[in-house]
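# Fold and contact review
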Amino acid sequence: MAVDLLLGLQWGDEGKGKIVDVLTQGYDIIARFQGGPNAGHTLEFNGMKHVLHTIPSGIFHPTATNLIGNGVVIDPIILKKEIDDLAPYNVNLKQQLLISRKAHLILPTHRLLDAASETAKGKAKIGSTLKGIGPTYMDKTGRNGLRVGDIELSDFQQRYRNLTNKHEEMLANYNVDIQYNLAELEKDFFQAIETLKQFQLIDSEEYLYQALKQGKKILAEGAQGSLLDIDFGTYPFVTSSNTTAAGACTGLGIAPNAIGQVIGIFKAYTTRVGSGPFPTELFDEVGETLTQVGHEFGATTGRRRRTGWLDLVALKYAVQVSGVTQLIMMKADVLSGFETLKVCTSYLYQGKEIKHLPYNIEEQNVTPVYTQLKGWHQDLTQIKDYNHLPQELQDYVAFLEKELEVPIKVVSVGPDRTQTITR
Ligand code: GDP
Ligand code: IMO
Ligand code: MG
């Protein structure tokens, strides 16, 4: 009786969507536990590409139930669009998708507040996806939020109005020019609320408790990554939820002793989108190659992702915070063609060499110390067997396992479902 977790260990976009889709065949329930439509999870199979923002990545498997948990923040407008986009495919959403009544709603004014906050910050902006995530979680912890279950209440309109009025006052207090037509935004919002009402809105913690009792296998799908965690990430350049293992407990209502495997996923190099420190960032042609070969452009915003070498200090930290029991390494194919690969194995911090992630990792505090490994030139994208991978890549994997002290069970060599090598 256990819930396995799938967590991003870097700054997001590690390939969670692809791997959840691959792993779903071994599970009965896939459950998202935090974040919202700031996520963009990409799945590729049968020559098609799908990007999911709110709907869990197990949705293309007809036997799996997909749950949007209480820890998630839902923008009904974006969810409706995701639902509409799935219409041509053989997905029975009314049956396969469950939504927690305790999940919070992103209102149109939350998005406006996000934009106002970012504009007001100027150069110091977070680089938010502007989906209203921060303001919605602020209303949640401030005890003002609206939840999915509220849409079933007779006074939902009034509750909505009260909160929106408050938001409009807050917007007026920002000294920035945000143009908006609230009536227009509200039309879409209330239409989407009607769509939401047609789905199964449930008390999801009870549902999961019963499912566990019946021996159902559950996989919790994380969004974002450990270094974007509100507590353990590179604050304030983070998102507003707990992306690490503990977030799955509060975001689904499962007890810590119900957690089984903690599967950590990372890219063979590092990327980051938005602002904030990134010690191993590359500004040279190597960085440019990683961006181009890895198609490092955001699945949600289309923004160019910053790229750099793998940072084992940061990765080890993420492994520790979540108690990761097994690892999955993504995008190994993107590293083909380099003579030498660098991996950051310690930091020079205020003149001293350290192996742990310090409080400040800005450029002025931290210089990465690299270990060099031999690269390989073969194209990996058609390889199916781990033993057929170039020896240099197998050495790269062995080196990481030794440093991280956790086994790497899967190596991904391309975006498609089939380009996944299990050891
Ligand atoms: P997520 O947010 O963690 O689900 O990741 P994203 O979908 O935002 O970004 C991962 C990107 O890498 C997507 O475009 C995937 O299709 C792609 N991808 C996933 N695994 C691999 C891989 O092993 N190799 C390559 N080249 N691309 C991959
Ligand atoms: P997935 O699930 C990568 C980043 C934003 C910004 C910061 C705060 O696809 O891995 P927010 O919109 O939460 O206010 O943005 O977090 N960010 C992500 N970066 N992948 C994501 O999700 C992200 N979700 C948020 O770029 O720096
Ligand atoms: Mg993504």
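Quantities reported herein were computed from a predicted structural model and do not represent experimental measurements.

This next bit is on the sheet that holds strand β9 (residues 200-202). The sheet built from 10 strands is open, its strands ordered β9-β7-β5-β2-β10-β1-β11-β15-β19-β20 with mixed pairing. Each edge of the open sheet is held by one strand with a lone partner, namely β9 and β20 (420-422). Going from strand to strand, the sheet's axes swing by 25° on average, the running direction of each strand aside. Summarising the sheet, strand β1 (residues 3-8) and strand β11 (residues 259-267) pair through five bridges and their orientation is parallel. Across the sheet, the residue bridging to Gly8 is Ile265, located in β11. Set on the sheet, helix α1 (residues 16-23) makes contact with β1, β2 (29-32), β10 (218-221), β11, β15 (326-330), β19 (408-412) and β20; between it and β1 the angle comes to about 155°.

Moving on: the coordination of the magnesium ion (ligand 3). With distances of 2.1 to 2.2 Å, the protein atoms coordinating the magnesium ion (ligand 3) are Asp13 (OD) and Gly40 (O). Taken together, the positions of Asp13 in the loop between β1 and α1 and Gly40 in the loop between β2 and β3 (41-45) put the pair 27 residues apart, joining distant regions of the chain. We classify Gly40 as buried; its relative accessible area is 12%.

Ligand 1 sits among 20 residues. The nearest are Gly15, Lys16, Thr42, Asp333 and Ser412. Within the backbone of Gly15, one N or O atom sits 2.8 Å away from an oxygen atom of ligand 1. Between ligand 1 and the protein, one listed contact pairs an oxygen atom with a side-chain N or O atom of Ser412 at 2.5 Å. Within the complex, 93% of the 590 Å² of free accessible area of ligand 1 lies under protein. Of all the secondary-structure elements, those providing two or more residues to the shell around ligand 1 are α1 and β3. The residue makeup of the shell around ligand 1, split by class, is five nonpolar, seven polar and eight charged.

It is worth spelling out the site of ligand 2 at this point. Around ligand 2, a shell composed of 20 residues is seen, among which Asp13, Lys16, His41, Thr129 and Thr239 lie nearest. Between ligand 2 and the protein, one listed contact pairs an oxygen atom with a backbone N or O atom of Asp13 at 2.7 Å. Burial of ligand 2 by the protein chains amounts to 97% of its free accessible area of 550 Å². Classifying every residue of the shell around ligand 2 gives seven nonpolar, 10 polar and three charged.

Taken together, the buried positions of helix α10 (residues 285-293) are Val286, Gly287, Leu290 and Thr291. Down the axis of α10, the buried set is contained in an arc of 140°. They therefore lie on one face. Looking at the buried side of α10, the elements it contacts are β13 (306-308). Measuring from the backbone nitrogen of Val286 back to the side-chain oxygen at the start of α10 gives 3.2 Å, which picks out Asp284 as the cap.

Attention now goes to the environment of Trp11. Along the chain, Trp11 turns up in the loop between β1 and α1. Along the chain, Trp11 and Val273 lie 262 residues apart, while their C-alpha atoms are 7.7 Å from each other. What Trp11 contacts, discounting residues up to four positions off in sequence, is Leu227, Leu228, Thr234, Thr270, Thr271, Arg272, Pro277, Phe278 and Pro279. At a separation of 3.5 Å, a polar atom in the side chain of Trp11 contacts the main-chain carbonyl oxygen of Leu227.

At a minimum axis distance of 13 Å, the contact between helix α6 (residues 156-173) and helix α7 (residues 182-197) shows a crossing angle of 145°. Classified by chirality, the crossing of α7 by α6 is right-handed. Side by side, α6 and α7 meet where Phe156, Gln157, Tyr160, Arg161, Thr164 and Glu168 of the first sit next to Leu182, Glu186, Phe189, Phe190 and Ile193 of the second. Within the contact of α6 with α7, the residues separate by chemical class into six nonpolar, two polar and three charged.

Formed by 59 residues in total, the largest nonpolar core has its most connected members in Met329, Tyr396 and Leu400. The biggest single contributor to this core is helix α12 (residues 391-404), with six residues. The contacts of Leu400, once residues within four sequence positions are left out, are Phe266, Leu310, Leu312, Met329, Val343, Glu405 and Ile408. With 31 residues, the next largest nonpolar core counts Leu86, Leu93, Leu107 and Ile151 among its residues.

What counts as what
- Residues numbered from 1 in each chain as written.
- Chains lettered and ligands numbered in written order.
- Predicted model: local features only at pLDDT ≥ 70, side-chain atom pairs only at ≥ 80, totals over all residues.
- Heavy atoms only, no water.
- Pairing = 2+ DSSP bridges.
- Helix = DSSP H or I, 4+ residues; strand = E, 2+ residues; numbered from the N terminus.
- Axes fitted to C-alpha atoms, helices over the stretch in contact; angles between N-to-C directions.
- Contact = heavy atoms within 4.5 Å.
- Donors = N, O, S within 2.8 Å, 3.2 Å for Na, K, Ca; no water.
- Buried < 20%, exposed > 50% of the residue type's maximum accessible area, 1.4 Å probe, protein only.
- Near = heavy atom within 4 Å.
- Polar contact = N/O pair within 3.5 Å; in protein donor to acceptor, adjacent residues only side chain to side chain.
- Areas by Shrake-Rupley, 256 points an atom, 1.4 Å probe, with all protein chains shown as cover.
- Nonpolar A, V, L, I, M, F, W, Y, C, P; charged D, E, K, R; others polar.
- Arc of directions from axis to C-beta.
- Left-handed = near helix turned anticlockwise from the far one by under 90°.
- Core = buried A, V, L, I, M, F, W, Y, C linked by side-chain atoms within 4.5 Å.

No statement about biological role is implied by the geometric values presented.
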